[in-house]
Amino acid sequence: MRERYVIIPAGGSGRRMGADIPKQMLRLGGVPVLRRTLDLFTTGLPFEVHVIIPVNPSIKSMWVEYCRSEGLMLRYILVPGGMTRFHSVRKALGYVPDGALVAVHDAVRPLVRREDIVRLYDEGEKWPAVVPVLPVTDSMRLVAPDGSSSMVARDGYRLVQTPQVFHSEVLKNAYRTAFSPEFTDDASVVEKAGVPLHLCPGNRFNIKLTTPEDMALAETLLRAKTIL
Ligand code: C5P
């Protein structure tokens with residue numbers, strides 16, 4: 001079995017959330033989002049995961065203060081974030097050796113299930129790049145710059161989630177490329193390097209916290225999860 005790593009990009013400012021506090025540090029069920037995401041990889045898994053978290057300086061000071069106030073003694077490496085998610089992940093990859101499995105999981109997806117984390121790492125033993133996806137259930141339209149729109153055959157599309165799991169040497173090699181704004185996730189960087197992607201089922205509970213509505217939804221899902 002390859003050694004297992006996770007990069008949790010937490011360097012964003014969370015402007016779309018419209019709150020003073022970046023979304024990684026907002027409280028969900030009373031606990032900061034980043035703490036919830038970190039706990040999923042550091043507790044309750046049947047294997048050890050080395051954690052690397054890129055953060056910007058303002059989040060770092062909030063996080064360090066939170067850990068001090070809670071007396072938290074967790075093992076992870078904090079590294080400086082970059083200008084974009086791409087740059088944050090690239091910096092973190094400098095701390096990952098070749099020959100390992102590395103997952104990249106957005107800090108703002110605190111509802112991923114541990115069973116899915118385990119399944120995706122296990123798939124990663126067999127494939128160089130594993131990507132969880134969902135079918136599209138709404139109808140879709142392609143909107144032109146003039147506001148006109150046309151129908152799209154939704155069956156051919158998938159929504160892409162994290163954690164995405166890679167052979168570390170494959171991801172590190174792919175990240176040697178120049179930045180492109182099209183790189184909204186790691187699968188797109190790896191695809192550019194010509195590596196085939198293995199798509200696996202994602203989970204609808206694993207939402208990405210982006211807008212205030214997402215926080216309300218996450219609170220509800222969290223309560224439902226503790227009941228289930
Ligand atoms: O804003 P976006 O949807 O791209 O954010 C996805 C994840 O990437 C978030 O967890 C965010 O904190 C992280 N990110 C980062 N460094 C940046 C921008 C975003 O680590 N400069």
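Residues numbered from 1 in each chain as written. Predicted model: local features only at pLDDT ≥ 70, side-chain atom pairs only at ≥ 80, totals over all residues. Heavy atoms only, no water.

- Going by the annotation in an unreviewed UniProt entry, the name recorded for the protein chain is 2-C-methyl-D-erythritol 4-phosphate cytidylyltransferase, with Candidatus Coprenecus stercoravium given as the source organism.
- In the Sequence similarities (unreviewed entry) part of its UniProt record, the protein chain is described as follows: "Belongs to the IspD/TarI cytidylyltransferase family. IspD subfamily."
- Comment text from UniProt for the protein chain, heading Function (unreviewed entry), reads "Catalyzes the formation of 4-diphosphocytidyl-2-C-methyl-D-erythritol from CTP and 2-C-methyl-D-erythritol 4-phosphate (MEP)." (UniProt positions renumbered as here; feature names shortened; annotations may be inferred.)

Section: helix 3 (residues 85-93)
Next, step 1: For helix 3, the full list of buried residues reads Phe-86, Ser-88, Val-89, Ala-92 and Leu-93. The buried residues of helix 3 occupy an angular sector of 165° when the element is viewed end-on, so they sit on one face.
Next, step 2: Looking at the packing, one finds that the buried side of helix 3 touches strand 1 (4-7), strand 4 (50-55), strand 5 (77-80), strand 6 (101-104), helix 5 (168-174) and helix 6 (186-192). (Buried < 20%, exposed > 50% of the residue type's maximum accessible area, 1.4 Å probe, protein only. Helix = DSSP H or I, 4+ residues; strand = E, 2+ residues; numbered from the N terminus. Arc of directions from axis to C-beta. Contact = heavy atoms within 4.5 Å.)

So, the pattern of salt bridges
Next, step 1: Enumeration according to the criterion identifies 14 salt bridges in this entry.
Next, step 2: The salt bridge partner of Arg-4 is Glu-125, with a shortest N-O separation of 2.8 Å. With Arg-4 in strand 1 and Glu-125 in the loop between helix 4 (114-124) and strand 7 (129-135), the pair connects residues that are 121 residues apart, well separated along the chain.
Next, step 3: What makes Glu-125 partly exposed here is its relative accessible area of 30%.
Next, step 4: Of the charged contacts, one joins Glu-123 and Lys-126 as a salt bridge, the two residues approaching to 3.2 Å between their closest N and O atoms.
Next, step 5: Note on Glu-123: relative accessible area 17%, which makes it buried.
Next, step 6: Several salt bridges converge on common partners, so that one network encompasses Arg-85, Asp-106, Arg-109 and Asp-186. (Salt bridge = Lys/Arg side-chain N within 4 Å of Asp/Glu carboxyl O.)

A word on the layout of surface pockets
Next, step 1: Considered as a void within the structure, the second largest pocket measures approximately 340 Å³ in volume.
Next, step 2: Forming the walls of the second largest pocket are 13 residues, and the residues nearest its centre are Arg-109, Leu-134, Leu-159, Gln-161 and Ile-207.
Next, step 3: Counting only elements with at least two residues in the lining of the second largest pocket, the list comes to strand 7 and strand 10 (158-160).
Next, step 4: Across the lining of the second largest pocket, the residue classes break down as 6 nonpolar, 3 polar and 4 charged. (1 Å grid on protein atoms, 1.4 Å probe; cavity = no way out; pocket = protein on both sides within 12 Å on 5 of 7 lines; lining within 4 Å. Points joined across faces, edges and corners; volume = space filled by probe spheres on them. Nonpolar A, V, L, I, M, F, W, Y, C, P; charged D, E, K, R; others polar.)

A closer look at the packing of aromatic side chains
Next, step 1: The full count for this structure, using the stated rule, is 6 aromatic pairs.
Next, step 2: The interplanar angle of 80° and the centroid separation of 5.3 Å between the aromatic rings of Phe-47 and Tyr-121 together place this pair among those described as edge-to-face. Residue Phe-47 is found in the loop between helix 1 (33-42) and strand 4, and its partner Tyr-121 is found in helix 4; the two are separated by 74 residues along the sequence.
Next, step 3: On the basis of relative accessible area, Tyr-121 is assigned to the buried category, the value being 1%.
Next, step 4: Pairwise contacts between aromatic rings join Phe-86, Tyr-175, Phe-179 and Phe-183 into one cluster.
Next, step 5: Taking NZ or CZ as reference, Arg-4 lies 4.4 Å from the ring centre of Phe-47, over its face. (Phe/Tyr/Trp six-rings, centres within 6.5 Å; stacked < 30°, edge-to-face > 60°. Lys NZ or Arg CZ within 6 Å of the ring centre and 35° of its normal.)

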